[in-house]
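Geometric and topological summary
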Amino acid sequence: MGMGLFISENDIVDFDFFRPDNTPILLCKEHVKYELEQIGYENLIFLEVGETIL
């Protein structure tokens, strides 16, 4: 417990896609995920986020 990745909403407010420093992980906001799923892309893997801290 107490481990994980924390990204401040203030740090990504202007970005739909973002990447944590020194990682190969490309992340996107929930509305982007929805749009990509609606388009029908099949070569993407979406992982669920854990808890969201507001």
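Every value quoted in this text rests on a predicted model; they were computed, and no experiment measured them.

1. Let's talk about the overall build of the protein chain
Scanning the protein chain from N- to C-terminus turns up two helices and two strands. Helices (α) and strands (β) of the protein chain occur, in sequence order from the N terminus, as α-β-β-α. Counting only residues that meet the buried cut, the protein chain has 13% of its 54 residues in that class. Taking contacts inside the protein chain between residues at least 6 apart in sequence as the whole, the part at least 24 apart equals 0%. Carbon and sulfur atoms make up 55% of the accessible area of the protein chain, which amounts to about 5,500 Å² in all.

2. Focus on the packing of aromatic side chains
Counting across every chain of the model gives zero aromatic pairs. Above the face of the F46 ring, K33 is positioned so that its terminal group lies 5.5 Å from the ring centre.

3. So, a nonpolar patch on the surface
Among the surface-exposed residues, I39, Y41 and L44 lie close enough to one another that they form a single nonpolar patch of about 310 Å² accessible area. Mapped onto the elements, Y41 comes out in the segment after α2 (30–39). On the accessibility criterion, Y41 (47% relative accessible area) is partly exposed.

Rules used in this analysis
Residues numbered from 1 in each chain as written. Predicted model: local features only at pLDDT ≥ 70, side-chain atom pairs only at ≥ 80, totals over all residues. Heavy atoms only, no water. Helix = DSSP H or I, 4+ residues; strand = E, 2+ residues; numbered from the N terminus. Buried < 20%, exposed > 50% of the residue type's maximum accessible area, 1.4 Å probe, protein only. Contact = heavy atoms within 4.5 Å. Areas by Shrake-Rupley, 256 points an atom, 1.4 Å probe, with all protein chains shown as cover. Phe/Tyr/Trp six-rings, centres within 6.5 Å; stacked < 30°, edge-to-face > 60°. Lys NZ or Arg CZ within 6 Å of the ring centre and 35° of its normal. Patch = residues over 30% accessible without salt bridge, like charges linked within 9 Å, V, L, I, M, F, W, Y side chains within 5 Å. Salt bridge = Lys/Arg side-chain N within 4 Å of Asp/Glu carboxyl O.

Just distances and angles here, no functional claims.
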